[in-house]
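Survey of secondary and tertiary structure
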Protein chains: 2
Amino acid sequence: MSTNPLLKGSLQTIILKLLEDNDQMYGYEITQKVKEVSEGEIMLTEGALYPALHKLEADGFLETFTQVVDNRVRKYYRLTEQGGKEVTSKLTEAQAFIDQLQTLLNLKPATK
Amino acid sequence: MSTNPLLKGSLQTIILKLLEDNDQMYGYEITQKVKEVSEGEIMLTEGALYPALHKLEADGFLETFTQVVDNRVRKYYRLTEQGGKEVTSKLTEAQAFIDQLQTLLNLKPATK
DNA sequence: TATCAATACATAAGAAAATTATGTATATAA
DNA sequence: TTATATACATAATTTTCTTATGTATTGATA
């Protein structure tokens, strides 16, 4: 797990996308899912994750409910309707970002 | 020109790559080049650019010399040997970043 | 000739988003 | 009983950006 400046501003987009695909998730579950999908390369730190979740909730993109499992509290998050729209918007933005970066760095994928 | 959090941490990489391709450039020239290549979508602000250039110089990746053209001072930057290695390293990192982001966001380009 | 846009540098104040360091608490395996 | 995994959270600090200024020259325009 290298020092990844947390995918530089993409954390909100990653969270929103995961919740679009998985309907409902809790914080710890998100860290594990990201670790799994990235084959151990990306470790979300709690100091980044939880404030990000709280902000997305405060902005009206996520709603929460808690559930107790094995005496441990889980705080689940799911997309609101507004959050659903936000995912689309953020993904478009992310794609544009990647395109611009690849152009500037001459990293365009092979065949095009 | 939208509000781009300056390509989220990629400013140093962009500068280094431009200097690898162009041998020597001055600050204002870099802003214009980025504007041109990005078709007007990315405007480097001076508040981000100059501190970044100064840091890259302080880190030993860039060296400078000045030149006066039409009574205006231009401060040219070029890669040091160490800077040359840094470009390679940063580009590898950028590629890994893009790959991870595309995987996490399901934005993998069509055929693969 | 006054004024504005472009060229060219720079720094300071503030905001955003991360890292790092803590803190609480339970379950489970060694 | 001690360490690791699970599960949340916040505080201090750092990095990196935006926004706002500031200086100064050239060239076009009104």
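Each residue is numbered by its place in its chain's sequence as written, counting from 1. Whichever chain is written first is A, and whichever ligand is written first is 1; the rest continue in order. Given that this is a predicted model, residues contribute local features only at a pLDDT of at least 70 and side-chain atom pairs are listed and counted only at 80 or more, while totals for whole chains, interfaces and linings are drawn from all residues.

**Digging into the sheet that holds strand 1 (residues 25-26) of chain A**
All names here are of chain A. Strand pairing follows a simple DSSP-based rule, namely that at least 2 bridges must link the two strands. Runs of H or I in DSSP of at least four residues are treated as helices and runs of E of at least two as strands, each being numbered from the N terminus. The sheet built from 3 strands is open, its strands ordered 1-3-2 with antiparallel pairing. Here the strands that pair on one side only, and so sit at the sheet edges, are strand 1 and strand 2 (62-69). Where strand 2 lies against strand 3 (residues 72-79), 8 bridges are found, and the strand directions are antiparallel. The partner of Phe65 across the bridge, within strand 3, is Tyr76. Residues are scored as being in contact if the C-beta atoms we place from backbone atoms lie within 7 Å. Here the axes come from fitting lines to C-alpha atoms, over the contacting stretch only for helices, and the angles between their N-to-C directions go from 0 to 180 degrees. The strands touched by helix 3 (residues 46-58) are strand 2 and strand 3; relative to strand 2, the strand with the most contacts, the crossing angle is about 125 degrees.

**Focus: the pairing of strand 3 of chain A**
Residue and element names in this part refer to chain A. Across 2 bridges, the pairing between strand 1 and strand 3 is antiparallel. Across the sheet, residue Tyr26 finds its bridge partner in strand 3, namely Tyr76. Counting the residues between successive antiparallel strands, the hairpin from strand 2 to strand 3 contains 2 residues, one of them, Asp70, with a positive phi of roughly 55 degrees.

**Quick notes on the relation of the copies chain B and chain A**
Our superposition of the copies is a least-squares fit, built on the C-alpha atoms of residues whose pLDDT is at least 70 in both. Mapping chain B onto chain A calls for a rotation angle of 179 degrees and an axial translation of 0.0 Å; the resulting RMSD is 0.1 Å. One copy is carried onto the other by what is essentially a two-fold rotation axis. Within chain B, Lys8(B) has its C-alpha nearest the rotation axis, a separation of 2.4 Å. The fraction of interface residues of chain B whose copies in chain A are also interface residues reaches 100%, indicating that both copies meet through the same surface.

**With respect to the environment of Lys17(A)**
Within the secondary structure, Lys17(A) is located in helix 1 (residues 11-22). Here Lys17(A) falls in the partly exposed class, since 19 other C-beta atoms lie within 10 Å of it. Separated by 73 residues in the primary sequence, Lys17(A) and Lys90(A) place their C-alpha atoms 8.9 Å from one another. What Lys17(A) contacts, discounting residues up to four positions off in sequence, is Val87(A), Leu91(A), Leu104(B) and Leu105(B). Counting other C-beta atoms within 10 Å of its own, a residue is labelled buried from 20 upward, exposed at 12 or fewer, and partly exposed in the gap between, with every C-beta atom placed from the backbone.

**Some words on the interface of chain B and chain A**
Taken residue by residue, the interface counts 26 residues in chain B and 26 residues in chain A. Tallied by class, the residues present in the side of chain B that touches chain A amount to 15 nonpolar, 8 polar and 3 charged. Asp, Glu, Lys and Arg are counted as charged, while Ala, Val, Leu, Ile, Met, Phe, Trp, Tyr, Cys and Pro are counted as nonpolar; the rest, among them Gly, fall into the polar class.

**Focus on the environment of Tyr50(A)**
Within the element layout of this structure, Tyr50(A) appears in helix 3. Measuring from C-alpha to C-alpha, the distance between Tyr50(A) and Val87(A) comes to 19 Å, with 37 residues separating the pair along the chain.

**Structural notes on the confidence of the model for chain A**
Residues and elements named next belong to chain A. pLDDT: the predictor's confidence for each residue, scored from 0 to 100. The predicted model of chain A averages 90 in pLDDT, with 91% of residues at 70 or higher. When mean pLDDT is taken per element in chain A, strand 1 scores highest with 98 and helix 4 (residues 81-105) scores lowest with 94. This complex was scored by the predictor with a pTM of 0.90 and an ipTM of 0.87.

**Concerning helix 1 of chain A**
Compared with an ideal rise of 1.5 Å per residue, which puts 12 residues at 16 Å, helix 1 of chain A spans 16 Å between its outermost C-alpha atoms and is within 8% of the ideal. Here helix 1 of chain A has its buried residues at Thr13(A), Ile14(A), Ile15(A), Leu16(A), Leu18(A) and Leu19(A). Where helix 1 of chain A is buried, its residues touch strand 1, helix 2 (27-37), helix 3, strand 3 and helix 4 of chain A together with helix 4 (81-105) of chain B. The span expected for a helix works out to 1.5 Å for each residue beyond the first.

**So, the sheet that holds strand 3 (residues 72-79) of chain B**
All names here are of chain B. On the basis of which strands lie adjacent, the open sheet formed by 3 strands has the order 1-3-2 and antiparallel pairing. Of all the strands in the sheet, the pair left with one neighbour each is strand 1 (25-26) and strand 2 (62-69). Its contacts with the sheet put helix 1 (residues 11-22) on strand 1 and strand 3, and the angle it makes with strand 3 is roughly 90 degrees.

**Let's talk about unusual backbone geometry**
Working note: non-glycine residues mostly have negative phi, and peptide bonds are mostly trans. Positioned with a positive phi, Asn71(A) is a non-glycine residue whose angle comes to about 70 degrees. Residue placement: Asn71(A) occurs in the loop between strand 2 and strand 3.

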